[in-house]
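Each chain, written out:
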Amino acid sequence: MDAHEVQRPFTQSVSEKKENTRDIIKTLLLVIVLAGSLAVVRFSPIWYYLDRSHIYMLRDELTAFQSLAPLVFFACGALVIAIGVPRTIISILGGMVFGFLSGTLLATVSAFAGSVVVIWVTRVLGHPLFHQRIGHRLKAIEGHLRNNGFALVLILRQLPLPSMLINVLIGLSSIKTSAYVLGSIIGLLPEAAVFALFGSSVREDFALRIFLASLSLIVLIIVIKIYFRRSPLARELSQKLIRNKT
């Protein structure tokens, strides 16, 4: 038997062991990162303020930062969204503290930055763990990345799935950066605007803003439903990612 033929399986075995070791190390690092992030939130004032009954106190605390308030809001908003806090809470708070326009902008960029963090962590550390768990969902989007990258991200942002799951899916995929950025910002903006409008009602014109925000939310839901009925891509993604979870 040729010596090269004997050496090849041995080389492959060593390579596989090294790859498995790297995957284990990456998974452990991911666990440490997630646990650390949760610990920061859980054992810091952030956890206290995330309680909806304390949200007014958080508004007062942010206002105390004066000119630095937008930067503090952005950083904290991105952090809590990255670990899975619903972005609607950040949008409402943004509207309460900064008003409709500034609140919408800050909530959108915070949600986008938080998603970037999750995507980066997924690509660097989480590929072995997440691919094993949600690889079947990833197959549903990979075939559409080349020709429908922007539409794909836009649709994913409207699906009734946790933001964390959507960000992990995008992180595992080979989506182009331009399609991700544009699709995410446009996809995140409408929801941020609606809930920032809800939040801004505590500042002025309560009844009018509540009415407009409620009407906008209803219109947004109807538009999304119509689009999902008429778009073959949206319908396919909805069926594969939501209805068939196994």
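Above: the structure in question.
A. Quick peek at unusual backbone geometry. The residue Asp205 is not glycine, and still its phi comes out positive at about 45°. Checked against the element boundaries, Asp205 lands in the loop between α9 (177–200) and α10 (206–230).

B. Looking closely at the packing of helix α5 (residues 87–98) against α9. For the pair α5 and α9, the least separation of the axes is 6 Å and the interaxial angle reads 50°. Put simply, α5 runs oblique to α9. The interaxial crossing formed by α5 with α9 has right-handed handedness. From α5, Arg87, Thr88, Ser91, Ile92, Gly95 and Met96 reach across to α9, where they touch Leu188, Glu191, Ala192, Phe195, Ala196, Gly199 and Ser200. Looking at the contact of α5 with α9 residue by residue, the class counts come to six nonpolar, five polar and two charged.

C. Inspection of α5 at higher detail. With twelve residues, α5 extends 16 Å between its outermost C-alpha atoms, agreeing within 8% with the 16 Å of an ideal straight helix rising 1.5 Å per residue. Judged by how many residues are buried, α5 sits mostly within the fold: eleven of twelve residues are covered. Where α5 is concerned, the buried positions are Arg87, Thr88, Ile89, Ile90, Ser91, Leu93, Gly94, Gly95, Met96, Val97 and Phe98. Gly99 lies just past α5 and shows a positive phi near 90°.

D. The arrangement of the environment of Leu233 in detail. Residue placement: Leu233 occurs in helix α11 (residues 232–243). Under the relative-accessibility criterion, Leu233 is labelled buried at 12%. In sequence terms Leu233 and His144 are 89 residues apart; their C-alpha atoms lie 8.6 Å from each other. When residues no more than four places from it in sequence are discounted, the contact partners of Leu233 are His144, Asn148, Ala151, Leu152 and Ile155.

E. Up close: the packing of helix α4 (residues 69–82) against α5. Two elements in contact, α4 and α5, have axes separated by 10 Å at closest approach and are oriented at 170°. Our classification of the angle between α4 and α5 gives roughly antiparallel. Side by side, α4 and α5 meet where Ala69, Pro70, Phe73, Gly77, Val80 and Ile81 of the first sit next to Arg87, Ile90, Leu93, Gly94 and Phe98 of the second. Of the residues in the contact of α4 with α5, the class split is eight nonpolar, two polar and one charged.

F. Local environment of the packing of aromatic side chains. Under the criterion given, the structure shown has four aromatic pairs. Geometrically, the ring pair formed by Phe73 and Phe98 is edge-to-face, given 5.4 Å between the ring centres and 75° between the ring planes. Of this pair, Phe73 sits in helix α4 while Phe98 sits in helix α5, and the two are 25 residues apart along the sequence. Each member of the pair, Phe73 as well as Phe98, carries the same accessibility label: buried. Pairing Phe112 with Tyr180 gives two aromatic rings, centres 5.5 Å apart and planes at 25°, and the pair type is stacked. One end of the pair, Phe112, is in helix α6 (residues 100–142); the other, Tyr180, is in helix α9, with 68 residues separating them in the sequence. Summarising the burial analysis for this pair, Phe112 and Tyr180 share the class buried.

Criteria and cut-off values
Residues numbered from 1 in each chain as written. Predicted model: local features only at pLDDT ≥ 70, side-chain atom pairs only at ≥ 80, totals over all residues. Heavy atoms only, no water. Helix = DSSP H or I, 4+ residues; strand = E, 2+ residues; numbered from the N terminus. Axes fitted to C-alpha atoms, helices over the stretch in contact; angles between N-to-C directions. Parallel < 35°, antiparallel > 145°, perpendicular 65-115°, else oblique. Left-handed = near helix turned anticlockwise from the far one by under 90°. Contact = heavy atoms within 4.5 Å. Nonpolar A, V, L, I, M, F, W, Y, C, P; charged D, E, K, R; others polar. Expected span 1.5 Å × (residues − 1). Buried < 20%, exposed > 50% of the residue type's maximum accessible area, 1.4 Å probe, protein only. Phe/Tyr/Trp six-rings, centres within 6.5 Å; stacked < 30°, edge-to-face > 60°.

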